Amino acid sequence: MNTARRDAAASDSRASNRAAYQALIDDLLAARQAAWLGGNAATRERHVKRGKLLVRERIDSLIDPGAPFMELAELAGEGLYEGVAPGAGLVTGVGLVQGRACMIIANDPTVKGGTYFGMTCRKHVRAQRFAWQHRLPCITLVDSGGAFLPDQANIFPDEGLFGSIFHNQVGMSAEGIAQIAVVMGACTAGGAYIPALCDEVVIVRGQGYMFLGGPQLVQAATGERIDAETLGGALMHSRVSGVTDHLAENDGHALAITRRLVGELPPMPPLLRPRAPVQAPARPVLDVHELIHPDPRKPTNTREVLRCLLDGGELTEFKQAFGDTLITGFARIDGWQVGVLANQGVLFTESAIKATHFIDLCCKRNVPLLFLADVAGFMVGQQAEQGGIAKAGARFITAMSAAAVPKFTLIIGGAYGAGYLAMCGRAFKPNAMFMWPNGRAAIMGPEQAATTLAMVKRQNLEQGGQSWSASDEEAFKAPIRAQYEAFADARNFARHLWVDGILTPAETRPTLSLLLDLAARVPVEPTRFGVFRM
Ligand code: COA
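The rules behind each value
- Residues numbered from 1 in each chain as written.
- Predicted model: local features only at pLDDT ≥ 70, side-chain atom pairs only at ≥ 80, totals over all residues.
- Heavy atoms only, no water.
- Core = buried A, V, L, I, M, F, W, Y, C linked by side-chain atoms within 4.5 Å.
- Buried < 20%, exposed > 50% of the residue type's maximum accessible area, 1.4 Å probe, protein only.
- Contact = heavy atoms within 4.5 Å.
- Axes fitted to C-alpha atoms, helices over the stretch in contact; angles between N-to-C directions.
- Helix = DSSP H or I, 4+ residues; strand = E, 2+ residues; numbered from the N terminus.
- Parallel < 35°, antiparallel > 145°, perpendicular 65-115°, else oblique.
- Left-handed = near helix turned anticlockwise from the far one by under 90°.
- Salt bridge = Lys/Arg side-chain N within 4 Å of Asp/Glu carboxyl O.
- Phe/Tyr/Trp six-rings, centres within 6.5 Å; stacked < 30°, edge-to-face > 60°.
- Nonpolar A, V, L, I, M, F, W, Y, C, P; charged D, E, K, R; others polar.

S.K.: How do you make sense of the nonpolar core when you look at a structure like this?
M.R.: If you look at soluble globular proteins, the nonpolar side chains tend to sit buried side by side. Core analysis: the biggest nonpolar cluster contains 55 residues, and Met103, Phe130, Leu372 and Trp436 have the highest contact counts within it. Setting aside its immediate chain neighbours within four residues, methionine 103 contacts Leu72, Gly93, Val94, Ala127, Phe130, Ala131, Leu136, Pro137, Cys138 and Ile139. Of all hydrophobic cores here, the second largest spans 45 residues; its members include Phe358, Ala384, Ala392 and Tyr420.

S.K.: Just checking my understanding: could you explain the packing of helix α13 (residues 349–365) against helix α15 (residues 389–402) for this structure?
M.R.: Two packed helices can be described by the angle between their axes and the distance between those axes. As a packed pair, α13 and α15 sit with axes 8 Å apart at the nearest point and diverge in direction by 25 degrees. On the basis of their axis angle, the class for α13 and α15 is roughly parallel. Of the two elements, α13 crosses α15, and the hand of that crossing is left-handed. Contacts from Thr349, Ala352, Ile353, Ala355, Thr356 and Ile359 in α13 reach Ile389, Ala392, Gly393, Arg395, Phe396, Ala399 and Met400 in α15.

S.K.: When you look at unusual backbone geometry in this model, what are you seeing that I'm missing?
M.R.: Glycine aside, residues mostly have negative phi angles, and peptide bonds mostly take the trans form. The backbone phi angle of alanine 73 is positive, close to 55 degrees, even though this residue is not glycine. Positionally, alanine 73 belongs in the loop between β1 (69–72) and β2 (90–97). Relative accessible area serves as the criterion here: at 5%, alanine 73 is assigned to the buried category. Non-glycine residue glutamine 98 carries a positive phi angle of around 50 degrees. Checked against the element boundaries, glutamine 98 lands in the loop between β2 and β3 (100–107). On the accessibility criterion, glutamine 98 (40% relative accessible area) is partly exposed.

S.K.: Looking at this model, I keep getting lost on the pattern of salt bridges. Mind explaining?
M.R.: Close approach of charged atoms allows side chains with opposite charge to pair. Within this structure, the stated rule accounts for 33 salt bridges. Here glutamate 45 makes a salt bridge to lysine 49, at a shortest N to O gap of 3.2 Å. Taken together, the residues span about one helical turn, with glutamate 45 and lysine 49 both in helix α2 (residues 41–49) at a distance of four residues. A residue is classified by how much of its surface remains accessible, and lysine 49, at 67% relative accessible area, is exposed. Across the pair glutamate 447 and lysine 477 runs a salt bridge, and its minimum N-O distance is 4.0 Å. Taken together, the positions of glutamate 447 in helix α17 (residues 446–463) and lysine 477 in helix α18 (residues 470–488) put the pair 30 residues apart, joining distant regions of the chain. Each member of the salt-bridge network shares a partner with another, and the members are Arg14, Arg18, Arg283, Asp287, Glu290, Glu304 and Arg307.

S.K.: Sorry, what's going on with the packing of aromatic side chains here?
M.R.: By convention here, two paired aromatic rings are described through the distance between centres and the angle between planes. In the structure shown here, the tally under the stated rule is 14 aromatic pairs. Centroid distance tryptophan 468 to phenylalanine 476: 5.3 Å. Interplanar angle 70 degrees. Geometry classified as edge-to-face. The exposure class assigned to phenylalanine 476 is partly exposed, which follows from its relative accessible area of 26%. Ring centres 5.2 Å apart and planes at 45 degrees place the aromatic pair phenylalanine 529 and phenylalanine 532 in the tilted group. A relative accessible area of 23% means that phenylalanine 529 is categorised as partly exposed.

S.K.: Could you clarify how one ought to interpret the packing of helix α4 (residues 118–134) against helix α5 (residues 162–174) in this entry?
M.R.: The contact between α4 and α5 brings their axes to 8 Å, and the two run at 15 degrees. Considering the angle they form, α4 stands roughly parallel to α5. Crossing hand, α4 versus α5: left-handed. Contacts between α4 and α5 involve Cys121, His124, Val125, Gln128, Arg129, Ala131 and Trp132 from the former and Phe162, Ser164, Ile165, Asn168, Gln169, Gly171 and Met172 from the latter. In the contact of α4 with α5, the residues fall into seven nonpolar, six polar and one charged.

Right, here's the structure in full:
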């Protein structure tokens, strides 16, 4: 091919990559739009006619004008509950209130009365854990019918569900992490303990009420006939029971009081890590769209991706010529120093050794780790095993798991098997974990899973003296491939809260910058590694 034809082909492929990536982003934005709307039009209208603000209007009134709101898990629960918009009836995220970063947890009463599904519980708990780790005051805007009763198996019995919300409140309050609730609507049964366990409670007159048992339950249990307002309304709780501390006239007033309460908290902790002057990346971040091929089997040039993300596109690379399927080095994102670990192929013994050494350096220097995962896994086969890949991989996992510095994970391609885990998968509790819209993760790729299962089946059939035609084998493999593809999809990970959300490439630097700012205010304990097998 001559140069002109080669250039034209490259430009066509960049354009088709861009178009395919834009389609992924369009899908993501449509799902976000559904999450932002919450309940259907009739329910929203009924809510507004009651004189209440919609959940996102409440958040807008609470945070500082023009300040960003970093939403977490906005697509959790997508498609899991019939007739329920993505988000599981809860909005969670970090916003600035009186210049202080706070975790805001807000029920959306237009979604099934703001009740808690299993995913709503997990999302609330995840938001609390993030808040606890970063020592962020929690502001809970309560307007909820409590448990979504048909889903009790996923709400009631286990750790990480409704009861953990209370447990986390108690733990955070004990550590001086402020807990503020604003009762803006229903707050029934177990749900009433959410404000009751807060340090300070605001309630809206004629609108907010809280009780352990509603009027119907009270009548059934004791025969007493009583209306909701008398039983648990704002005036009763503010004047008689003393369950609430501040009486507001409406949503806007309640949120103004809450802002004043936040203003009385101790100041935001200072930065413990310096921030350098910000530089733009060497390449426009939207170039990422053309660097990623729609066919996930086509490799991505990670070094070029880094040039779109890092300040000045600069990476002070560590051991550049050794274990080169893992890129490691120091860089800055929006002025914040990070230790980058980014895949460029399968992990070999050398790459694992290099990762271990680099993580140790970052821990000694208190540099946050940024894992950019795009990895098929660790190398397999006789040569790799004889080279001790199992112990090199174990050292990598030991270092990554024990590292006490802040850790952030972004899946920028496919992250499979132990490769996903070693690149700080969810089990290793990164401070936050996101995927790009093209991101995928699974135990193995669809083709490998289908082939592995087909080989096992063929072996069994042949041992029983039966044959298996190529077409029957293909019919067996096709649904396995489809199932693995659906599982691995970024939207599936976001739906199940296996990641904190999906970020577009353009959202990546601002989000990481905010996260690094929050993490820079939390003192880090020295890292204590487990035994390194040599
Ligand atoms: N479990 C399951 N579904 C519930 C529910 C619950 N605890 N509470 C409300 N819902 C559903 C309703 O059936 C309705 O569903 P639909 O939209 O499919 O018809 C939807 O949520 C909205 O409820 P609705 O009563 O129409 O809205 P509202 O804004 O007038 O009132 C509540 C909302 C939450 C105040 C009211 O529904 C209520 O009091 N629910 C019972 C609360 C309770 O006793 N909880 C105990 C939990 S331990």
